[in-house]
Amino acid sequence: MSYIAGKRVFSEMIQKIKEDGLYKQERLICSPQGPEIIVRFPENAPEKKVINMCANNYLGLSSHPEIVHAAHNALDDRGYGMSSVRFICGTQDVHRQLELKIAEFLGMEDACVFSSCLDANAALFEVLLTEEDAIIADRLVHASIIDGIRLSKAQNFNFKHSNMEHLEEKLQETQNHRLRLIVVDGVFSMDGDMAPLDKICELAEKYDAMVAVDDSHATGFIGKTGRGTHEYFGVMDKVDIITTTFGKALGGANGGCVAGKKEIADLMKQRGRPYLFSNAVPPPVAVASIRVLDILSQTTERRDKLERLTAYWRKGLTDAGFDLKEGNTPIVPVMLYNAKLAQQFSKELYDEGVYAVGFFFPVVPMGQARIRTQISAAHEKEHLDFALDAFKKVGERLGVLGLKKKEILAKFGE
Ligand SMILES: *Cc1c(COP(=O)(O)O)cnc(C)c1O
């Protein structure tokens, strides 16, 4: 055993990350997930109650009593873990129920549930496509789609973010391939904008391509009844494949799926490596996810409230003079561009009682650092007012109010 060379190399890597202001320090949450959380930061500091502005808990279901109750019951009825991958002896009736339920919710024929959406994306492309085929991806798709594409043998094309002329060029370029699959995020996680699915589906029809959408940041709350971006754009019958997660709005534990035509879901189970070689979602999670979908099928109350709160939050920040990314989803990025500034901003917010972390390279491109805020239906207006006050105070103190990109970069550096 000789770790001497390794230790030097790895320590230098960490040192470099720190020097660049890109070192991430985790905060320990000592309470359930929710709009108010108890946090220790640094790890040995006393506990502090703060408003949470950066969870993917869009519908406020992560610690909802009905969901917790459903999980408790499942623990008694179906046990804790499966100790098996799905195909050997890891599929309970509840796993299959969840697949049929999520397929129905999304308006699809069938679904295959994985341990995560990252796993769903890792399976999707490798299973369906060969070197004869072409994948045409938006350049800003989620990291797990990029990894999934890397795992497949299909030829890899991409188009400029939401640029339909460029997509059309790529579709023309790939007409000789056996199959073409366009892939986008429904809602792009870092910017909170939506893929123009109506136009994408039109182009897909014109050039005989399939459409896959990762709706992880949309399922449950985008669209009139929360089905997702395909509902929002009126193309529920035109999107071929949806991948999504149970780890965000849908209760926030874990699990993901590929939903689509029967053959597609079936092939995932025959050939998907994460399906075949990684453990099944725990029964309490499957059952609680089913309960989530039942609640969301009965009422749109939560997504409606989320929409109202989001509009309120966006307006408050805009009026205060912050530079926001345009959009109408509950992902509201406050642009600061400089990584160290984003870190400092986040730290001072925390001192003011607001939890919102800075995002910087490699999570977003260099020079695009930001505080990504996210609204939850569990928030009340009072939470947002408190958070707005904190943002204003810190914004004023650091001198960024009313400044745009150029001015911030001139003041704080690249
Ligand atoms: C969060 C996210 C994932 C990963 O989902 P997990 O279930 O946590 O693995 C995949 N795709 C997108 C677009 C996401 O935002």
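Residues numbered from 1 in each chain as written. Predicted model: local features only at pLDDT ≥ 70, side-chain atom pairs only at ≥ 80, totals over all residues. Heavy atoms only, no water.

A.B. asks: Can you help me understand the pairing of strand β7 (residues 180-185) in this one?
C.D. replies: Across the six residues that make up β7, a large majority, six, are buried. As paired strands, strand β5 (residues 134-138) and β7 are joined by four bridges and run parallel to one another. Each bridged residue has a counterpart across the sheet, and for A134 the counterpart in β7 is R180. Two strands pair when backbone bridges link them, and β7 and strand β8 (residues 210-214) are joined in this way by five bridges, in the parallel orientation. (Buried < 20%, exposed > 50% of the residue type's maximum accessible area, 1.4 Å probe, protein only. Helix = DSSP H or I, 4+ residues; strand = E, 2+ residues; numbered from the N terminus. Pairing = 2+ DSSP bridges.)

A.B. asks: What's the story with the pattern of salt bridges in this structure? I'm lost.
C.D. replies: Any two side chains of opposite charge can pair, so long as their charged atoms come close to each other. Counted according to the given criterion, the structure contains 26 salt bridges. Among the salt bridges present, the one from D20 reaches K16, with a minimum N-O distance of 2.5 Å. The residue D304 makes a salt bridge to R303 at a minimum N-O spacing of 2.7 Å. Its relative accessible area of 25% is what places D304 among the partly exposed residues. Connected through shared salt-bridge partners, R86, R96, E99, D110 and K269 make up one network. (Salt bridge = Lys/Arg side-chain N within 4 Å of Asp/Glu carboxyl O.)

A.B. asks: Would you explain the packing of aromatic side chains in this entry?
C.D. replies: Here the distance between the centres and the angle between the planes together describe a pair of aromatic rings. Scanning all chains against the criterion turns up nine aromatic pairs. Measuring from ring centre to ring centre gives 6.1 Å for Y3 and F10, while their planes differ by 45 degrees; the resulting arrangement is tilted. Y3 gets classed as partly exposed once you look at its relative accessible area, which sits at 45%. Given the relative accessible area of 41%, F10 is considered partly exposed. With 5.4 Å between their ring centres and 85 degrees between their planes, F41 and Y350 make a pair best called edge-to-face. Residue F41 is located in the loop between β2 (36-40) and β3 (47-52), and its partner Y350 is located in helix α14 (residues 339-351); the two are separated by 309 residues in the primary sequence. For Y350, a relative accessible area of 5% corresponds to the buried category. In this structure an aromatic cluster arises from ring pairing among W313, F322, F345 and F391. Sitting over the ring of Y23, K18 keeps its end group 4.7 Å from the ring centre. (Phe/Tyr/Trp six-rings, centres within 6.5 Å; stacked < 30°, edge-to-face > 60°. Lys NZ or Arg CZ within 6 Å of the ring centre and 35° of its normal.)

A.B. asks: Explain the packing of helix α13 (residues 301-320) against helix α15 (residues 381-398) to me, please; I cannot follow it from the model alone.
C.D. replies: Each pair of packed helices gets described by two things: the angle between the helix axes and the distance between those axes. Relative to each other, α13 and α15 sit at 20 degrees, their axes nearing to 10 Å. Relative to α15, the element α13 is oriented roughly parallel. Crossing angle aside, the handedness with which α13 passes α15 is right-handed. Between α13, through L309, Y312, W313, G316, L317 and A320, and α15, the contact on the second element is made entirely by K381, L384, D385, A387, L388, F391 and K392. Considered class by class, the residues forming the contact of α13 with α15 number nine nonpolar, one polar and three charged. (Axes fitted to C-alpha atoms, helices over the stretch in contact; angles between N-to-C directions. Parallel < 35°, antiparallel > 145°, perpendicular 65-115°, else oblique. Left-handed = near helix turned anticlockwise from the far one by under 90°. Contact = heavy atoms within 4.5 Å. Nonpolar A, V, L, I, M, F, W, Y, C, P; charged D, E, K, R; others polar.)

A.B. asks: Help me understand the nonpolar core, please; the structure alone is not making it clear to me.
C.D. replies: A general feature of soluble globular proteins is that nonpolar side chains tend to end up buried together. Counting residues in hydrophobic clusters, the biggest one holds 96 residues, and the most contacted among them are W313, F345 and F391. Of all the elements, helix α12 (residues 283-298) adds the most residues to this core, at nine residues. Mapping this core onto the domain boundaries places at least three of its residues in each of domain 1 (20-52 + 301-412) and domain 2 (65-298). The residues touching W313, leaving out its near neighbours within four places in the chain, are M53, V332, T373, I375, L384, A387, L388 and F391. L129, I135, A154 and M268 belong to the second largest nonpolar core, which has 24 residues in total. (Core = buried A, V, L, I, M, F, W, Y, C linked by side-chain atoms within 4.5 Å. Domains from an automatic or database assignment.)

A.B. asks: So what exactly am I meant to see when it comes to the domain arrangement of the protein here?
C.D. replies: Along its sequence, the protein is carved into domain 1 (20-52 + 301-412) and domain 2 (65-298). A C-alpha centroid distance of 28 Å is found between domain 1 and domain 2. Contacts between the two partners involve 15 residues from domain 1 and, on the opposite side, 16 residues from domain 2. Where domain 1 abuts domain 2, roughly 1,100 Å² becomes buried across the two surfaces, and 59% of that area is made up of carbon and sulfur atoms. Taken as a group, R303, T329 and I331 account for 41% of the area that domain 1 buries against domain 2, more than any other trio of residues on that side. Joining domain 1 to domain 2, the criterion identifies two salt bridges. (Buried area = accessible area lost by both parts, 1.4 Å probe.)

A.B. asks: It is not clear to me how helix α2 (residues 65-78) should be interpreted in this structure. Could you clarify?
C.D. replies: Given 3.6 residues per helical turn, the α-helix brings residues three or four places apart onto the same face. Here α2 contains 14 residues, and its C-alpha end-to-end distance of 19 Å stays within 8% of the 20 Å for a straight helix at 1.5 Å per residue. In the stretch just after α2, G79 is the one whose phi turns positive, near 90 degrees. (Expected span 1.5 Å × (residues − 1).)

A.B. asks: I would appreciate a short explanation of a negative patch on the surface in the present structure.
C.D. replies: Taken together, the side chains of D198, E202, E205 and D237 present a region of like negative charge at the surface. Its place among the elements puts D198 in helix α8 (residues 197-206). (Patch = residues over 30% accessible without salt bridge, like charges linked within 9 Å, V, L, I, M, F, W, Y side chains within 5 Å. Areas by Shrake-Rupley, 256 points an atom, 1.4 Å probe, with all protein chains shown as cover. Lys, Arg positive; Asp, Glu negative; His and termini not counted. Charge placed at Lys NZ, Arg CZ, Asp CG, Glu CD.)

A.B. asks: Honestly, the sheet that holds β5 in this entry has me stumped. Any pointers?
C.D. replies: Adjacent strands of a sheet form backbone hydrogen bonds with each other and so pair up, either parallel or antiparallel. Taken together, the seven strands give an open sheet; going across it, the order is β4-β10-β9-β8-β7-β5-β6, and neighbouring strands pair in mixed fashion. The open sheet has two edge strands with one neighbour each: β4 (110-114) and β6 (155-159). Going across the sheet, the axis of each strand differs from the next one's by a mean of 20 degrees, ignoring polarity. Bridge count for β5 against β6 is five bridges, and the pairing is parallel. Residue I135 lies in a different strand from β6, and its bridge partner there is N156. Running over the sheet, helix α6 (residues 143-151) touches β5, β6, β7 and β8 and is turned about 155 degrees from β7.

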